[in-house]
10 protein chains.
Amino acid sequence: MPSRPVRRLDAVPNPHPDRDYEVAMAIPEFTCLCPMTGQPDFATIRIRYVPDQHLVELKSLKLYMWSYRDEGAFHEDVTNRILDDLVEAVRPRWAEVTGDFNVRGGIKTEILATYGKRPEIA
Amino acid sequence: MPSRPVRRLDAVPNPHPDRDYEVAMAIPEFTCLCPMTGQPDFATIRIRYVPDQHLVELKSLKLYMWSYRDEGAFHEDVTNRILDDLVEAVRPRWAEVTGDFNVRGGIKTEILATYGKRPEIA
Amino acid sequence: MPSRPVRRLDAVPNPHPDRDYEVAMAIPEFTCLCPMTGQPDFATIRIRYVPDQHLVELKSLKLYMWSYRDEGAFHEDVTNRILDDLVEAVRPRWAEVTGDFNVRGGIKTEILATYGKRPEIA
Amino acid sequence: MPSRPVRRLDAVPNPHPDRDYEVAMAIPEFTCLCPMTGQPDFATIRIRYVPDQHLVELKSLKLYMWSYRDEGAFHEDVTNRILDDLVEAVRPRWAEVTGDFNVRGGIKTEILATYGKRPEIA
Amino acid sequence: MPSRPVRRLDAVPNPHPDRDYEVAMAIPEFTCLCPMTGQPDFATIRIRYVPDQHLVELKSLKLYMWSYRDEGAFHEDVTNRILDDLVEAVRPRWAEVTGDFNVRGGIKTEILATYGKRPEIA
Amino acid sequence: MPSRPVRRLDAVPNPHPDRDYEVAMAIPEFTCLCPMTGQPDFATIRIRYVPDQHLVELKSLKLYMWSYRDEGAFHEDVTNRILDDLVEAVRPRWAEVTGDFNVRGGIKTEILATYGKRPEIA
Amino acid sequence: MPSRPVRRLDAVPNPHPDRDYEVAMAIPEFTCLCPMTGQPDFATIRIRYVPDQHLVELKSLKLYMWSYRDEGAFHEDVTNRILDDLVEAVRPRWAEVTGDFNVRGGIKTEILATYGKRPEIA
Amino acid sequence: MPSRPVRRLDAVPNPHPDRDYEVAMAIPEFTCLCPMTGQPDFATIRIRYVPDQHLVELKSLKLYMWSYRDEGAFHEDVTNRILDDLVEAVRPRWAEVTGDFNVRGGIKTEILATYGKRPEIA
Amino acid sequence: MPSRPVRRLDAVPNPHPDRDYEVAMAIPEFTCLCPMTGQPDFATIRIRYVPDQHLVELKSLKLYMWSYRDEGAFHEDVTNRILDDLVEAVRPRWAEVTGDFNVRGGIKTEILATYGKRPEIA
Amino acid sequence: MPSRPVRRLDAVPNPHPDRDYEVAMAIPEFTCLCPMTGQPDFATIRIRYVPDQHLVELKSLKLYMWSYRDEGAFHEDVTNRILDDLVEAVRPRWAEVTGDFNVRGGIKTEILATYGKRPEIA
């Protein structure tokens, strides 16, 4: 069995930096651990951003999400940290991260955090 | 059988108070009693808020909802009271509570109340 | 068999008149008669309003809807009349009535009428 | 306003009596009165049958359904009576009537009655 | 506030005892307590039966379901007990009870119990 | 067989001309011919408008739609022509016509045209 | 404008006549005329068959369906006639035709006719 | 962080062993590792069984599913092993396990394995 | 650009050959060419089989499906050929292949072919 | 087999250039190759535009999409290039292209690019 991947988001050059356009990605296979009980949590992470000079490299994004598998993480915190890491990695003009977590104790939770001001795109 | 829980919402520190972000929670298992007939009413309660210095603690939210189980409550009133209690507990920058009640007498009712002005997010 | 109910909407005091909030009700069991042919028409009536000092009393709303059962009514007219009666009964800050009528002659019709200017609620 | 139609189902000749085939009809606009309270009940009536020498004439079916509008009728009884009337009118090889009634008191009810043994049709 | 209703299912005469037909009822508003933790459980109860000489009276069914509101009950047990009570109350030719319980601990549970052999209908 | 109807939209007086309200109609049974190949095309036509002094008469609308059955018509053109005819017939304060055409050559096409500026209705 | 196509279903050789397999086709764009009123009717025609030595040629099926466009046809009759024509054209081991017609007078009608005994597949 | 739970399914007495009834459970939060690449796999596991003398204890089922989190497991193998473990733990009269795995390489896979012959339950 | 893959399905040993169980796979990304016009066709291929001594290896299945990308293939023929190749590759106890092709000329086509007699599973 | 079509979008005159209206097209059958691995990628391309003097000719659009079948193309790049080609071909007043790509590595990607400022259309 390979060990867990390093947490890192790679950037690749944006082929159309002269235009404001949106990239939207959904990762329905996110899992981490509850910091209180150590039990697994499951979520769909959704990312939307308007790239500036760089795009997120897809394979590194997959490994990045995988890197949370053994880590304890509160819903509100992990969603904001993913946004911070995305912003640092590709310096987008605008970005939004949604953490859509499964029901726990009869309560469904969804966290939505954004960075910057969204350029006007249709 | 344990007795009904005390009605109280606990607050925990917001790990990212420097950013406006949204927390959305759905509680599909809300039940109270009709103040006119004493018969059970059922609803889904949905909460959205932008935290300031505090978040709602999840377990206390579950117990808070449970505390209405034996109480008579009008649809319009209980939805506003949940909003009031949420605002008092975590002093959010903005909050919204929706009470989505089951059909009674062939009529479906949904109450929507908000507090403050929503910061611009996404 | 009881006779048809009198057409009347009762008002009850709004327990939270200091806040702009929305009440939404759906009545999927509305039926009246086509004034041209005398044949039954069926619709879902949807009401949304922001109460001022009064709320619509639910049982009177059920009877009010029932009172159209033997009456000839054009789609556009009856939707506007329900709005007028609602406004007169509870003097809301804002109100909207939608009449969503079943297919007749291969055509589906929906009428939407509003009263006042909607206060800003999330 | 025209008075209520007479309760009668008309038959027309089956153009293909040599073959077992199925006719299925759905009438989502059925309404009658509750015999206990006099209040309106609403249902979707579904009919399936394998015709023998006759088909149900569609316009008479529409008027037949309309004829229940002012009549008190229990769910279980009215569904069986529609089946009886259908059988008497067209003497099908097999027939099934479903009465799918709207929620009352938080309970949804559906009645299913059949006549004869269904011929084997894929 | 009225006290909890007595647990009792009333029977009314079947108006069509000469025919095998099916009655299906769904009660989406069932709640009881977890016998381990005392916390509320929620379920949709579905009942199907072929009546013999009696039908279940609807209002008593509503009160019967309500009577579990303060009682601790395991999923498998309560579903079977509802079936037993139904059988005792109306002596149906066949009956089926399904208890469709909400997610607990990331697991959704549904219990299905039947009584007798279903007559061939449709 | 009757011949095709004349293409004409009739107007009837608006019973509530003092209020801006919306009428929405969907006609899922529109068919015309492809001007290139002569083969049938199928579409759902959707109309929304805010009436001024007149409403569209429903039966004439049905016949109007029927009148395209034998006519060759490009998607973009026919949608705009229906809007023009509607505007001429009832002089609405605002109107919108959508032509939602079935897949041809693996491509789904939808045309949306509007007239005037929509009054503010919730 | 080309004239209406001749009503004819062409057959092509079945490449796998040694195996019982099923071909299922749906034609959502069927239209004919009501023989009573001359007004258009619309339906989805669904065909399933187990071929013997021949398959239905697809383009001829499209033209065949088109050929009903100007013809008066009762629902029950036209569904059976399509089955007859299919059987004559390709002599299948088994066939089924469903005519799923749009709502008329508040009633939805679906006709199902079969030919032969279906071989056991899946 | 607690270590992974031991793989064990606990049994509790069946309160109604005299009746054949079905227990159905869905666990949408199953994850293991791909034995080829070490990368995470995700699945919904569905279990249905007819208990004999014992039921599966719910909390042990949750921990059992969790115990696969760090283990390499082929789709076909793990589904059959879960069935084997279930059978050993509660000796059901009949059991079925479905492993419904997420898309990999553009292919969605679902494995279905059963034990014993299902008693006749509605 | 790499050249198209060789058409070959690989087999791997079945880890549970002593049990009849079902493997179901869906491949929504199948494309080939129309032999008449050379234009692309698109389909979802669904496979279900009960393995004997071997399973289909997943990566070879993905490449196998890809190998049709440049090939002309009739719907009925290609579905049967995939079944033949599957049977030859893994000699299943039973197998079923469905080819669910996109609309062409307003007609949706689905082909279903099976091999052997399905063992009784669930 | 015909060779791949030349990549070219043809324009036809806009029959209603005096009005701002929207044309929306969905092409669910787009496929290209991954530039990294050479393996097929699949997407739905959606186009919306407000035409000025010209419309996109539908058949050329179909062939244009087909022309990507053998070409390596990154998601972000190909969506922007389709927008560029559309703009050059018909010089719209506004245009939007969405590339909605299938899941790869557990990640779903959608790219949205626009040209110009959308005129106000309802």
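Just above, that's the structure.
Below you will find a few notes about this structure. (Residues numbered from 1 in each chain as written. Chains lettered and ligands numbered in written order. Predicted model: local features only at pLDDT ≥ 70, side-chain atom pairs only at ≥ 80, totals over all residues. Heavy atoms only, no water.)

## A look at the packing of aromatic side chains
The relative placement of two aromatic rings is captured by the distance of their centres and the angle of their planes.
Working step 1: This structure, assessed with the given rule, holds 25 aromatic pairs over all chains.
Working step 2: Ring centres 5.4 Å apart and planes at 75° place the aromatic pair B:Tyr64 and B:Tyr68 in the edge-to-face group.
Working step 3: A:Arg118 extends its terminal NZ or CZ atom over the ring of A:Trp94, reaching a point 5.1 Å from the ring centre.
Working step 4: A cation over a ring is seen here: I:Arg7 above I:Tyr68, with NZ or CZ 3.6 Å from the ring centre. (Phe/Tyr/Trp six-rings, centres within 6.5 Å; stacked < 30°, edge-to-face > 60°. Lys NZ or Arg CZ within 6 Å of the ring centre and 35° of its normal.)

## Description of the arrangement of the chains
Working step 1: Contact between chain C and chain E is absent, and the least distance between their C-alpha atoms amounts to 19 Å.
Working step 2: No part of chain C reaches chain G; the closest C-alpha pair between them is 7 Å apart. (Contact = heavy atoms within 4.5 Å.)

## Remarks on the interface of chain F and chain J
Working step 1: Counting from both sides, the interface comprises 20 residues of chain F and, opposite them, 20 residues of chain J.
Working step 2: Taking both partners together, chain F and chain J bury about 1600 Å²; carbon and sulfur atoms supply 55% of that area.
Working step 3: Per-residue buried area on chain F facing chain J is highest for F:Glu76, F:Ile107 and F:Leu112; these three make up 33% of the total on that side.
Working step 4: Taken together, the connections running from chain F to chain J amount to one salt bridge.
Working step 5: F:Asp84 is paired through a salt bridge with J:Arg19; the nearest N and O atoms lie 2.6 Å apart.
Working step 6: Where chain F meets chain J, there are six residue pairs in polar contact (both at pLDDT 80 or more).
Working step 7: Mapped by element, the contributors of at least two residues to the side of chain F that touches chain J are helix 2 (75–90), strand 5 (94–104) and strand 6 (107–115) of chain F.
Working step 8: No other element matches strand 6 of chain F, which puts eight residues into the side of chain F that touches chain J.
Working step 9: When grouped by side-chain class, the residues that make up the side of chain F that touches chain J number six nonpolar, five polar and nine charged.
Working step 10: Relative to strand 2 (residues 21–33) of chain J, strand 6 of chain F runs antiparallel, the two sharing six bridges. Bridge pairing links F:Ala113 to J:Tyr21 in strand 2 of chain J. (Buried area = accessible area lost by both parts, 1.4 Å probe. Salt bridge = Lys/Arg side-chain N within 4 Å of Asp/Glu carboxyl O. Polar contact = N/O pair within 3.5 Å; in protein donor to acceptor, adjacent residues only side chain to side chain. Helix = DSSP H or I, 4+ residues; strand = E, 2+ residues; numbered from the N terminus. Nonpolar A, V, L, I, M, F, W, Y, C, P; charged D, E, K, R; others polar. Pairing = 2+ DSSP bridges.)

## Concerning the side chain of E:His75
Working step 1: In this fold, E:His75 is placed in helix 2 (residues 75–90).
Working step 2: Taking the relative accessible area as the measure of exposure, E:His75 reaches 12% and is therefore buried. (Buried < 20%, exposed > 50% of the residue type's maximum accessible area, 1.4 Å probe, protein only.)

## Comments concerning the relation of the copies chain F and chain J
Each of the two chain copies goes to the other by way of a rotation about an axis and a shift along it.
Working step 1: Superposition of chain F onto chain J requires a rotation of 72° combined with a translation of 0.0 Å along the rotation axis, giving an RMSD of 0.0 Å. Each copy turns onto its partner about a five-fold axis. (Least-squares fit on C-alpha atoms with pLDDT ≥ 70 in both.)

## As for helix 2 (residues 75–90) of chain C
Residues and elements named next belong to chain C.
Working step 1: Here helix 2 is 16 residues long and its end C-alpha atoms lie 23 Å apart, about the 22 Å a rise of 1.5 Å per residue gives.
Working step 2: Buried within helix 2 we find His 75, Glu 76, Asp 77, Val 78, Thr 79, Asn 80, Ile 82, Leu 83, Leu 86, Val 87 and Val 90.
Working step 3: One or two residues past the end of helix 2 sits Arg 91, with phi positive at roughly 45°. (Expected span 1.5 Å × (residues − 1).)

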